Amino acid sequence: KLQYLGLRNSEYTDDIARAIAGSPLLSRLKELDLSMGTLTDRGADALIASGQIGHLDRLDITHHYLSDEKVAALARSTPNLVADEQEKPDQWDGQPHYYVSVSE
C-alpha cells in the first residue's frame, strides 16, 4: 500500500536508486523522493533502465549531481520530474566529492 517513498539527504543515493530500480516496489509507487542527496548519472541510468518511472506522479531529485544530458533523459522517461538545484561536485586531489544538502 506504500505510495510515497522518500529516501532523502543520503550519501548513497546512487545505490538507493539502483536498488529501487530493481525492485517490484517501484511499479507500485506514486511518488519517489530522492532529493537532497548525491544522485549522479549512475543512479539516474538505473532508474531510466528500469522502464518503470513513467507512471510516477512525482520523481523529486532536487539537489542532485546529474549532467544536463541525464536530466533531459530522466525528463523524457517521466513527465513529473522535479530536478531543481543541479550541483557540481567539489574537486579535491583530482577526485570529485559529493555532498548531501543538509549535514553537520
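Each remark here, short or long, concerns the structure printed above.
Within any chain, residue numbers begin from 1 and follow the written order of that chain's sequence. Predicted model: local features are reported for residues with pLDDT of at least 70 only, side-chain atom pairs are reported and counted for 80 or more only, and whole-chain, interface and lining totals are derived from all residues. To obtain the side-chain values, all non-hydrogen atoms of the structure were used and water was disregarded.

Novice: Which residues make up the environment of H55, and what values go with them?
Specialist: Here H55 is to be found in the loop between α2 (41–50) and β3 (58–60). Between the C-alpha atoms of H55 and K30, which are 25 residues apart in sequence, the distance is 7.4 Å. Contacts between residues were defined by any pair of non-hydrogen atoms, one from each residue, lying within 4.5 Å. Apart from the residues lying within four places of it in its own chain, the contact partners of H55 are L26, S27, R28 and L29. A distance of 2.8 Å separates a polar atom in the side chain of H55 from the backbone oxygen of Q52. Each helix is a run of H or I in the DSSP string that is no shorter than four residues. Each strand is a run of E no shorter than two, and both are numbered from the N terminus. By the criterion applied in these results, polar contacts are pairs of N or O atoms within 3.5 Å in which, for protein atoms, one can donate a hydrogen and the other can accept it, and in which residues neighboring in sequence qualify only through two side-chain atoms.

Novice: Got a sec to walk through the pattern of salt bridges? Specific residues and values, please.
Specialist: By definition here, a salt bridge exists when the distance from a side-chain nitrogen of Lys or Arg to a carboxyl oxygen of Asp or Glu is within 4 Å. Counted under the stated rule, the structure contains four salt bridges. Here D15 makes a salt bridge to R18, at a shortest N to O gap of 2.5 Å. Of this pair, D15 and R18 both sit in helix α1 (residues 13–21), three residues apart, which is roughly one turn of the helix. Of the charged contacts, one joins D60 and R58 as a salt bridge, the two residues approaching to 3.1 Å between their closest N and O atoms. In this scheme, a residue with accessible area under 20% of its type's maximum is buried, one over 50% is exposed, and one in between is partly exposed, where area comes from a 1.4 Å probe on protein chains only. The exposure class assigned to D60 is buried, which follows from its relative accessible area of 8%. Judged by relative accessible area, which is 34%, R58 ranks as partly exposed.

Novice: Quick one: what's the story with the nonpolar core, residue by residue and with numbers?
Specialist: Residues L32, L47, L59 and L74 are the most contacted members of the largest nonpolar core, which totals 21 residues. Elements with a minimum of two residues in this core: α1, α2 and α3 (68–77). It is α1 that provides the largest number of residues to this core, a total of four residues. Once you skip the residues sitting within four places of it in the chain, L47 turns out to touch A17, A21, L32, L34, I53 and L74. Grouping buried Ala, Val, Leu, Ile, Met, Phe, Trp, Tyr and Cys residues that are joined through side-chain atoms within 4.5 Å yields what is termed a nonpolar core.

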